[in-house]
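Here is what each chain is made of, one letter per residue.
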Amino acid sequence: MIETRRFTVSGQGETGPARAEARVSIRNLSKTYRTRRGAHVALDNVSLDIGASEFVVLLGPSGCGKTTLLRCVAGLEEPDAGEILINGQLVFSSEKGISVPPEKRPFNMVFQSYALWPHMTVQDNVAYPLRNAGRAVRAARESAGEALRLVGLGDYLAAYPGQLSGGQQQRVALARAIVSGDGLILFDEPLSNLDAKVRERLRLELLGLQSRIGFAAIYVTHDQVEALALADRIAVMDVGRIEQVGTSDEIYDAPRSRYVSDFVGSANELPGRIVSVGETVVVDTPMGRMEGGFGGEPVAVGADAWVMFRPEHCQFDFEPGCDGENRLDGEVLRSLYLGASMQHVVGSEDRQIVVTRTGGGPLEPGTDVTVCCPVGRVRIFPGDTGR
Amino acid sequence: MSAIDHGAVSGTSLSRLRARLQRTSPFTLLLWGVLLFISVGLILYPLVTALVYEAGNVAEGFMSLTTGELSRRVPEVILNTVIVVAGATALAVVIGSALAWANERSDASLGFVGQLLPLAALIVPPIAGVIGWAVLLDPRVGLLNYFLRWLVSPLGLGLREGPFNIYTMTGLIVTTGLYTVPYVYLVMSAALQRLDPSVEEASRVNGASPLRTMLRVTFPAIKPALAASILLGAISGISLFSVPAVLGAGARVDVISVYIYRLLSDYPAQTGPALVLALGMLIVVQMMLIGQHLLVKKGQNAAISGRGFRGTKVRLGGFRHVVRGLAVFYLVLTAVLPILGLLLVSLQPFWTPAINVATLTLDNFRFVLFENNQTVEALRNSMGLGVAVATFNMLVTGAIALHLGKHGAARRFADSLTGLPATIPHTVIGVAFILAFSREPLRIYGTTAILLLAYVVMTITYAARAAASAADSISAELGEASRVSKASDFRTLWRILLPLALPGLVAGWIMVFVHTVGEVTASAFLSGTHNPVIGRVLLDFWNFGNFPQVAAMALVITLISSTLVGLMLFVTRRAHKVTVS
Ligand SMILES: Nc1ncnc2c1ncn2[C@@H]1O[C@H](COP(=O)(O)OP(=O)(O)OP(=O)(O)O)[C@@H](O)[C@H]1O
Ligand SMILES: [Mg+2]
């Protein structure tokens, strides 16, 4: 179902035939909020394409503009510049003065607060989009019933939203979004008000629904686990910009900036200076010499750089398979039990790295250990290290 | 859509504005049209027309007020007004803020009484309350005075009059103050609710006594609210008509609103001086508003944040009961006693303090409700106008508040338009309406239409505030969810927002209705024998000395008002339950 693996980074325009197959095309979108406190750039020249039945997650820290981008696609917010196409139709263009109102755009939306109408039954809530599309009461109610059965709420047709649990309410919102079959659903942190268990279950159900019905989704979250689990592609956002777009494993294993590497998953970070650049890059760090590859732009020998690698890619030298070239010596400071895994903090008081191992017990604090990390897993980013 | 010519339209702000206008739905345009009609047609037009047509008289009137025949009376009238307004406002601010503080910050929380307090002036329309007090405290035949004389008669003082006389400056001040308390109470308790008690607790922790905390911390923090309530009291005091109209003649104290009325209703009408005084009134009020803006600088509200604080309350100990007792006493003064007085007088064939159970009769009620043309027609007119005005205003302001959303320049502009009438004394509206609408092209003086228009202007601020609070409690996402479900603007309004805001809108409707039915000022100016309304007929009957009938009629409107206010409490409480559960 995922046919597109292309992506555009902010600023780079998309050309040619790609346009036709995209469900949503966002081009050079900018938006600035002007308040009494001053201007705030919420979106800065953002471009992104979403395939016909692709699940794209917008991931980023609070306040980076995810909701703003989503609401611009919805038509609930008006960008200052740029273009938005849905199904190849121009729904917004600042240049041509086009701004199609939300009710005329082919999509539906699931809100963080569920936004169910408390004065209507669950069935009427779901039937509402169909009634607006001109469907007769009976037929609309029937389709609503089917949609509700699909999300497992067939027994609650006559209930009022206030009588349902949070998880059930979000299912109703989901049914309301899929019922009219628009082919595009926008989600703004739909699971963030639910507890962890319900969230996991709904995540699976959502994926099941998507593969069954086949809609495109733009899904906003600041939860990286959710993003990695759901996404065909993830767009990682920094303040107002899209930092990187890629599949979950691309984002996780090949982050192209320190920001993405740091934001998605956890990362060990060591400052250093580049000593040689060849097939691999060698960097001197306070904990020892490290070898890896450039994550972002390559830089010359002598430049400051950050070395980044993930805790779960590290091993201790007393374990089998530790044949990586990178070896870091340190002292175990403490070990934390995390259930499925064990986290060991290694280093000196002022410079530490974390090693995550599944299995094995805690290590005695004070033990001298050697940590190794495969060269292929080490990514080097140019940047000021403050030295 | 791709048919749009690429080259012709550039991304200039002008073309964006035009695009925006084209996208504005007809419904939005209609709403702006109605707003414009109210602010231009019903405020600007009367004022300007009155000024233009009376331009000659204005100069003459000014001369006559400053150096001419009126110049001897006017300073006294102005002085009286200042005394009454200052006295009444001071009284109201002291009582109102003390009660608000007791309810919000002490353990003497007033419960149901606290809920009724701000509604006191709605439960008993001030005109009914004043008449009630007049029949209680008339020096000779006042029922309460008679009762007090009877109490002290064993002492052998042989009083023939008093001990109280309501027809005095003091009587005027106290009665006016009594019916200003609810406004102060509302403003002050809202401010206290928003003030984080931790600020006060910090002061207590640092060793300040409760009293010192109140004076040094609480009071400065709510100073803006205090200024606002003083202003509110002063504005309503300046234009208050019912109290001086009922008591002023007996007390030989003329205040400006009554004086203006007299200038217009005496023969020959002196329109010039009346207009000059009305304009003066308008200018004074506007200057007070500007002064408030300048005095209350931004940032003084810094201590006021968030909502829903639950701080420890100041313990009053045994004094708690005294405070509660005072709150109840206030309700007794504004509602219970006047109603009792009205009841006793209305059941008698003629007003006498010596009540004879054998002669009690319902004749007066039969007279005002069925027999007398003027009263029957006045009741019918007032009710009809109340329904029409409340429905119209709530529809308009409700649609505006719901449709224009919570934020944005459009809503702010609409709010300032609907808030405008509150800054114009009713007397000014009355004068401007008389002068502007008794000539072509809109000769509607003497019809119910002119009353309808006047009431619409005068109550639209109440309506807008009620509608805003009803609409703003609805989360924006509920409306947006409807829009993304492909509902048109109107359908979103009708199917989603309106049903959700309905309890608040009903409460607002009731408030506007009650205000309209109990309105006296514009009624005195604009109503006559062809278009009688309750306020006007009450005043006429009072001046002609038909006291039992006045009492009966005042009781009837009190009954209507209090029933509706009770209904309002019920509706809003139920709505609260629904949203909480
Ligand atoms: N209506 C508005 N007026 C002014 N500024 C706004 C408005 N809406 C959003 N902003 C600002 O724009 C920026 C982006 O906001 P946005 O809601 O898109 O963030 P977000 O990524 O969705 O964050 P979160 O994860 O907290 O929901 C924020 O700094 C916010 O303060
Ligand atoms: Mg958000």
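Conventions adopted
All residue numbers refer to position in the chain's written sequence, counted from 1. Chains and ligands are labelled sequentially in the order written, the chains with letters from A and the ligands with numbers from 1. For this predicted model, a pLDDT threshold of at least 70 governs which residues receive local features, and a threshold of 80 or more governs which side-chain atom pairs are given and counted, while totals over whole chains, interfaces and linings are taken from all residues. No hydrogens and no water enter the side-chain calculation; it runs on all heavy atoms of the structure. Under this scheme, a helix contributes an axis fitted over its contacting stretch, all axes are lines through C-alpha atoms, and angles between N-to-C directions fall in the 0 to 180 degree range. Per the convention used, a helix needs a DSSP run of H or I reaching at least four residues, while a strand needs a run of E reaching at least two, with both numbered from the N terminus. Note that the term roughly parallel is reserved for angles under 35 degrees, roughly antiparallel for angles over 145, roughly perpendicular for angles of 65 to 115, and oblique for everything else. Two residues form a contact once any of their heavy atoms are found within 4.5 Å. All amino acids are sorted into three groups, where Ala, Val, Leu, Ile, Met, Phe, Trp, Tyr, Cys and Pro are nonpolar, Asp, Glu, Lys and Arg are charged, and the leftover types, Gly among them, are polar. Domain boundaries shown here were taken from an automatic or database domain assignment. Put simply, buried area is how much 1.4 Å-probe accessible surface two parts lose in total, over both of them, once they are put together. Counted as salt bridges are all cases of a side-chain nitrogen of Lys or Arg within 4 Å of a carboxyl oxygen of Asp or Glu. Think of a patch as exposed residues, more than 30% relative accessible area, with no salt bridge, where like charges cluster within 9 Å and nonpolar side chains (Val, Leu, Ile, Met, Phe, Trp, Tyr) cluster within 5 Å. Surface accessibility follows the Shrake-Rupley procedure with a 1.4 Å probe radius. Residue values consider only the protein chains on display as shielding. When charges are counted, neither His nor the chain ends are considered; positive counts come from Lys and Arg and negative counts from Asp and Glu. Charged side chains are reduced to one point each, which is NZ for Lys, CZ for Arg, CG for Asp and CD for Glu. Throughout, exposure labels follow a simple rule: accessible area from a 1.4 Å probe, protein chains only, divided by the maximum for the residue type, with under 20% read as buried, over 50% as exposed, and the rest as partly exposed. The pairing criterion for strands is at least two bridges between them, as found by DSSP. Ring geometry is summarised as follows: Phe, Tyr and Trp rings, the Trp one being its six-membered ring, pair when their centres sit within 6.5 Å, and such pairs are stacked at plane angles under 30 degrees, edge-to-face over 60 and tilted between the two. Only when the NZ of Lys or the CZ of Arg is both within 6 Å of the ring centre and within 35 degrees of the ring normal is a charge said to sit over the ring. Should the near helix be turned anticlockwise from the far one by less than a right angle, the crossing is termed left-handed; should it be turned clockwise, right-handed.

Residue and element names in this part refer to chain B. Across the interface, helix α3 (residues 55–66) lies against helix α16 (residues 271–295) with an axial gap of 7 Å and an inter-helix angle of 80 degrees. The angle between the axes of α3 and α16 places the two elements in the roughly perpendicular class. Here N57, V58, G61, F62, S64 and L65 of α3 come into contact with α16, specifically with T271, G272, P273, L275, V276 and L277. For the contact of α3 with α16, the class distribution of residues is seven nonpolar, five polar and no charged.

Residues and elements named next belong to chain B. Domain annotation of chain B identifies domain 1 (25–71 + 363–576) and domain 2 (73–347). Placing the centre of domain 1 and that of domain 2 at their C-alpha centroids yields a distance of 23 Å. On the domain 2 side, the residues contacting the 54 residues of domain 1 number 50 residues. Between domain 1 and domain 2, roughly 4,200 Å² of surface is buried when both sides are summed, and carbon and sulfur atoms account for 79% of that area. Area buried by domain 1 at its contact with domain 2 is led by L65, L70 and W542, which between them contribute 15% of it. Joining domain 1 to domain 2, the criterion identifies zero salt bridges. Elements supplying a minimum of two residues to the side of domain 1 that touches domain 2: α2 (26–53), α3, α18 (363–371), α21 (426–436), α24 (489–517), α25 (521–526), α26 (534–544) and α27 (547–580).

Right, let's talk about a negative patch on the surface for a bit. Residues and elements named next belong to chain A. A contiguous patch of negative charge, built from D317, D329, E331, E349, D350 and D368, is present on the exposed surface. For D329, the location among the structural elements is in strand β17 (residues 326–337). Under the relative-accessibility criterion, D329 is labelled exposed at 54%.

Residue and element names in this part refer to chain A. The strand order β16-β20-β17-β18-β19 describes an open sheet built from five strands, whose pairing is antiparallel. Among the strands making up the open sheet, the edge pair consists of β16 (315–316) and β19 (351–357). By the bridge criterion, two bridges tie β16 to strand β20 (residues 368–373) in an arrangement that is antiparallel. Paired with Q315 across the bridge in β20 is C372.

Bringing the packing of aromatic side chains into the picture now. According to the stated counting rule, one finds 17 aromatic pairs over all chains in the structure shown. With a centroid separation of 5.6 Å and 40 degrees between ring planes, the pair formed by F55 of chain A and Y219 of chain A is classed as tilted. Taken together, the residues span a long stretch of sequence, with F55 of chain A in strand β3 (residues 55–59) and Y219 of chain A in strand β9 (residues 216–221) at a distance of 164 residues. Like F55 of chain A, the residue Y219 of chain A is buried in the burial classification. For the ring pair W542 of chain B and F547 of chain B, a centre distance of 5.0 Å and an interplane angle of 75 degrees mean the geometry is edge-to-face. Residue classification places W542 of chain B among the buried positions, given a relative accessible area of 7%. Put simply, the rings of F55, F187 and Y219 of chain A touch in pairs and so form one group of aromatic residues. In this structure, K486 of chain B is placed above the aromatic ring of F107 of chain A, and the distance from its NZ or CZ to the ring centre is 5.3 Å.

As a further point, take the sheet that holds β3 of chain A. Residue and element names in this part refer to chain A. Overall, mixed pairing links the six strands, which are arranged β7-β8-β9-β3-β10-β11 in an open sheet. Whereas interior strands pair on both sides, the edge strands pair on one side only; in this sheet they are β7 (108–110) and β11 (241–246). Taking each pair of neighbouring strands and ignoring which way they run, the sheet shows an average axis angle of 20 degrees. By the bridge criterion, five bridges tie strand β8 (residues 184–188) to β9 in an arrangement that is parallel. Bridged to L184 within β9 is A216. Taken strand by strand, helix α5 (residues 166–178) contacts β7 and β8, and its axis lies near 170 degrees from that of β7.

What follows concerns the side chain of E477 of chain B. With respect to the helices and strands, E477 of chain B occurs in helix α23 (residues 476–484). R71 of chain A provides the closest opposite charge to the buried, unpaired E477 of chain B, separated from it by 5.8 Å. Setting aside chain neighbours within four positions, we find E477 of chain B in contact with F111, Q112, S113 and A115 of chain A.

Two measures define how a pair of helices packs: the angle their axes make with one another and the distance between the axes. Residue and element names in this part refer to chain A. At a minimum axis distance of 7 Å, the contact between helix α3 (residues 122–132) and α5 shows a crossing angle of 25 degrees. When the axis of α3 is compared with that of α5, the two are roughly parallel. Both α3 and α5 take part in a crossing whose hand is right-handed. Contact with α3, carried on its side by V122, N125, V126 and P129, involves V172, A175 and R176 of α5 and no other residues of that element. In the contact of α3 with α5, the residues fall into five nonpolar, one polar and one charged.

Moving on, we get to the pattern of salt bridges. Overall, the coordinates contain 21 salt bridges over all chains when judged by the stated rule. Between R233 of chain A and E54 of chain A there is a salt bridge whose closest N-O contact spans 2.4 Å. Of the two residues, R233 of chain A sits in strand β10 (residues 233–238) while E54 of chain A sits in the loop between β2 (38–51) and β3, which places them 179 residues apart along the sequence. Like E54 of chain A, R233 of chain A is buried. When the shortest N-O distance is used, the salt bridge between E243 of chain A and R241 of chain A registers 3.0 Å. With relative accessibility at 18%, the residue E243 of chain A sits in the buried group. Three or more residues are tied together by salt bridges with common partners; here these are R73, E76, D254 and R262 of chain B.

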